[in-house]
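# Geometric and topological summary
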Amino acid sequence: MSQNPQAKYRKDYQSPSHTITQIDLTFDLHDKNTVVTAISKVKQLKESTTLDLDGEQLKLLSVKVDGKEWDKFEEAEGKLSISELPEEFELQIETEINPEDNTALEGLYKSGGAYCTQCEAEGFRRITYYLDRPDVLAVFSSTVIADKSEYPFLLSNGNRVDEGDLDNGRHFVKWQDPHPKPAYLFALVAGDFDVLKDKYVTKSGREVALEIFVDKGNLNRANHAMVSLINSMKWDEERFGLEYDLDIYMIVAVDFFNMGAMENKGLNVFNSKFVLANEETATDTDYLGIEAVIGHEYFHNWTGNRVTCRDWFQLSLKEGLTVFRDQEFSSDLGSRAVNRINNVRIIRGPQFAEDASPMSHPIRPDKVIEMNNFYTLTVYEKGSEVIRMMHTLLGEENFQKGMKLYFERHDGTAATCDDFVAAMQDASGIDLTLFKRWYSQSGTPTLKVVGEYNESDKTFALKVEQATPPTQEQVEKLPLHIPLDIELYAADGTIIELQCNGEKVGNVLDIKEENKTYIFVNVSEKPVVSLLREFSAPVKLEYDYSDQELMFLMVHAQNDFARWDASQILLAKYIKLNVSNLQSGKPFEFSDDVQDAFRGVLLNDKLEPAFVAEVLSLPGANEVAGWFKPVDVDAIDSVLHNIKQAIAQSLADELAASYAVLAQKDYSINHDAIGKRALRNRCLSYLACLEHGNELVHAQYKTANNMTDTMAAMSSANQAKLACRGELMEDFSAKWEKDGLVMDKWFALQGTSPVDNALDLVRETMAHPTFSLKNPNRTRSLIGSFLNNNPVNFHAKDGSGYLFAGEILKELNDSNPQVASRLIDPLLKFKNYDEQRQVLMKAELEKLASMENLAKDLYEKVTKALES
Ligand code: B3K
Ligand code: ZN
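Summary of the structure given here. The structure displayed is predicted, hence computed values, not measured ones. (Residues numbered from 1 in each chain as written. Chains lettered and ligands numbered in written order. Predicted model: local features only at pLDDT ≥ 70, side-chain atom pairs only at ≥ 80, totals over all residues. Heavy atoms only, no water.)

### Here's the deal with the sheet that holds strand 10 (residues 107-111)
If you trace the 4 strands from one edge of the open sheet to the other, you get 10-11-16-13, paired in antiparallel fashion. Of all strands in the sheet, those with a lone pairing partner are strand 10 and strand 13 (153-156), marking the two edges. For this sheet the average axis-to-axis angle between neighbouring strands, irrespective of direction, equals 20°. Direction of pairing for strand 13 relative to strand 16 (residues 188-191): antiparallel, over a ladder of 4 bridges. When the sheet's bridge partners are listed, Leu154 is paired in strand 16 with Ala190. (Pairing = 2+ DSSP bridges. Helix = DSSP H or I, 4+ residues; strand = E, 2+ residues; numbered from the N terminus. Axes fitted to C-alpha atoms, helices over the stretch in contact; angles between N-to-C directions.)

Put into structure tokens, the structure is as follows:
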């Protein structure tokens, strides 16, 4: 690398020198040389006759100002400076770009036979020279020209205003988007598709055309996406009072896409993984994922598009809020408890791990080299937890008042996180000054809680202490405003009213100090305390629960989440105990009472099956790894295996009985049926470890009438290393080998295979005709699974897993740095492992650091990790 990439800082924000009020784009599409003509109305905002535009990988053909050739410009790396400009002018820029060779999948590129774009965060600058920043909002129109037979559909944002035929078999369509928007929301698609059409009538009576574009032959997989879209539109009207604002809403599914989907105004571009589903090809998890992502992108229309971000440091303004909205959507439509459990697993697992890694950053980062590196679990998921905490502090009614005020103040503009909090504070009258620290402070706070009952006073003292450990780029930490939701129970399971100083208090304690003691009065007996109910703040809780208390909460806690949480704390106790036992040569220990508590949950037919399935699911190896330093991957793997085996043996009869009872004759996709399948397949995963596991799993595979049951059989066979694994894998790949999206499930199983030579298997699988490192979905399924979800093999002591990761990263650095940058995360955490592994992992990072052409994406992460 000639010069090290430079960081940008939040504190250096400056409003733009010019703005662009209108842009008229023309694309003459050709695989290797597309010509883009951009005609913009530019207005000077600050004393400056020079306009600096962003641009990358562009061939500049011409510059005109007010219709005249202009030669007062300089082209430097990443920018075009045009000088001696009047106050207001029309700027015409012609550039040439090469979509076919664009393997980074940013800007305009080809996905299979279609053209498509991805402009967030800074991809528009790969299309033309522009003020590519979110606080420049222009009205866009776009004319797309291409060969008519190859590309019958030419799409862009807004409404179609003109179309017609041209010479040489080409045609054009012109689109106009009335809503001013930043360039990152621009989109263009050209291709040949099947289209699923429907319509939606908004609550004010406007008709909106809904169109989902999929690859030819995939129409029978688009229905669930359409249902999810209609549900999203309805839900946003009902819960948030927000209506759609254009006459058409289009979604295009493409096979080559760096992430999940993109909320471009009126024209969402989706990874086909989050559109295509039918019972033969998709699991229940896929169905729920589609519902969530369709919802998420739709909800961005207000939280993201109508009000956008002033600068990219504010990303959580739209992402945290929109994740909160999609989580609420899924919870209102399905099981609130199960949704909450799954969201909390993400925070406690990979998000806490990110907080503890060299990439740790606040939800509103202060320093960025490559913006694409900050589409993180912290900005998204922790960002959503921060919104959720405000919702907890304000309540639904005040929160909705805050949303209303936020739109009144900022609709049509680019806003900041501070603006959002100000709207919440002003609408509710609740002081959020201290709360705002959640935006600036990184890392995971720990809440140490001690409870003490005083028999003679009938008081219960709850001592709460908060501390946030230092993170790599932020050593000093301050106390945060933490909502701590609690409940006290009497031995018979009744709730003890919370009273302080003789007055009733609510369940949510406002922790604002480093240390605080609450004295609850009129507590007639020693209570059992349920803490951090609903995971009311993204913190690590330390409280010395006895097994008895946890088993009590598993039965008596008033909400499902708290019952599940008690079961997880109980499991965590035994996992920690046994890792330490194993390391010191002591035998495995697991209490019979605890196993009975799990049996009790399985036998309780008043509980939702989906919830029972969650109680019976052990924390994953990565989450467990976060509890230890150094991480002993082999010990963790073996303890998780032993606990699973112990539960399977002890609950064998009940598991078998539930497995039989939960069988469903006909397939249907509704929340009840999904829940039953989830629990039945959880039972199967335990039964697979027992004597007749092989026959049972084999039989399920053979008789399955849907992909959920098929995959459950395959993944049980994989995890339990059953004899039938080979046969099932072969049968599956023979059936689906041409279908990349379905094969991703198979690739993921190869990547997570627990057999000793898993790396050989992964290398062999890379030669599969359907595999390609050029396709991000394939890469994530096989390579991503191996790096992230196969800890024993990835962390093999001989360093073979690390070496492999290094090779792949080197290759992806050149073709698709964004995908490379996602895959590197496990290597960044080398400090968590033993000496020998640290040396080997670091060696791979150093090799990357010494590369001549290391992309900004990897440069940022590698240098941070090596500084740690
Ligand atoms: N806003 C996009 C993410 C863009 C990622 C750029 N690397 C999807 C979403 O959050 O809805
Ligand atoms: Zn989003």
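### Remarks on the side chain of Glu237
Among the structural elements, Glu237 can be located in helix 1 (residues 223-240). Reaching out from Glu237, the side chain makes a polar contact with the backbone nitrogen of Lys203 at a distance of 3.1 Å. (Polar contact = N/O pair within 3.5 Å; in protein donor to acceptor, adjacent residues only side chain to side chain.)

### A word on the pairing of strand 14 (residues 159-165)
Looking at chain direction, strand 14 and strand 15 (residues 170-181) are connected through 6 bridges and run antiparallel. Of the residues in strand 15, the one forming a bridge with Arg160 is Trp175. Count of turn residues in the strand 14/strand 15 antiparallel hairpin: 4 residues, of which Asn168 carries a positive phi of about 60°.

### Things to note about unusual backbone geometry
The omega torsion across Glu120 and Ala121 is 0°, close enough to zero to call that bond cis. Tracing the backbone shows Ala121 in the loop between strand 11 (114-118) and strand 12 (138-147). Its identity as a non-glycine residue notwithstanding, Leu105 has a phi of 55°, on the positive side. Assignment of secondary structure puts Leu105 in the loop between strand 9 (88-97) and strand 10. Assessed through its relative accessible area of 3%, Leu105 is described here as buried. Phi is positive for Leu532, which is not a glycine, with a value near 55°. Mapped onto the elements, Leu532 comes out in the loop between strand 34 (528-530) and strand 35 (540-542). Given the relative accessible area of 2%, Leu532 is considered buried. (Buried < 20%, exposed > 50% of the residue type's maximum accessible area, 1.4 Å probe, protein only.)

### Some points on the nonpolar core
Residues Leu91, Phe124, Met390, Phe420, Phe520, Phe732 and Ile783 are the most contacted members of the largest nonpolar core, which totals 274 residues. If we skip the residues at most four places from it in the chain, Leu91 touches Ala38, Ile39, Ser40, Val42, Leu51, Leu53, Val63, Lys64, Val65 and Ile82. (Core = buried A, V, L, I, M, F, W, Y, C linked by side-chain atoms within 4.5 Å. Contact = heavy atoms within 4.5 Å.)

### Some details on the site of ligand 1
Taken together, the neighbourhood of ligand 1 is formed by 15 residues, with Glu120, Glu263, Glu297, Asn372 and Tyr380 sitting nearest. Within the contact set of ligand 1, a nitrogen atom lies 2.6 Å away from a side-chain nitrogen or oxygen of Glu120. One of the side-chain nitrogen or oxygen atoms of Gln818 is found 3.4 Å away from a nitrogen atom of ligand 1. Calculation on ligand 1 without its partners gives an accessible area of 330 Å², and the protein chains cover 94% of this total. Secondary structure elements with two or more residues in the shell around ligand 1: strand 20 (261-262), helix 2 (284-299) and helix 3 (315-333). Split by residue class, the shell around ligand 1 holds 6 nonpolar, 4 polar and 5 charged. (Near = heavy atom within 4 Å. Areas by Shrake-Rupley, 256 points an atom, 1.4 Å probe, with all protein chains shown as cover. Nonpolar A, V, L, I, M, F, W, Y, C, P; charged D, E, K, R; others polar.)

None of this, on its own, says anything about what the molecule does.
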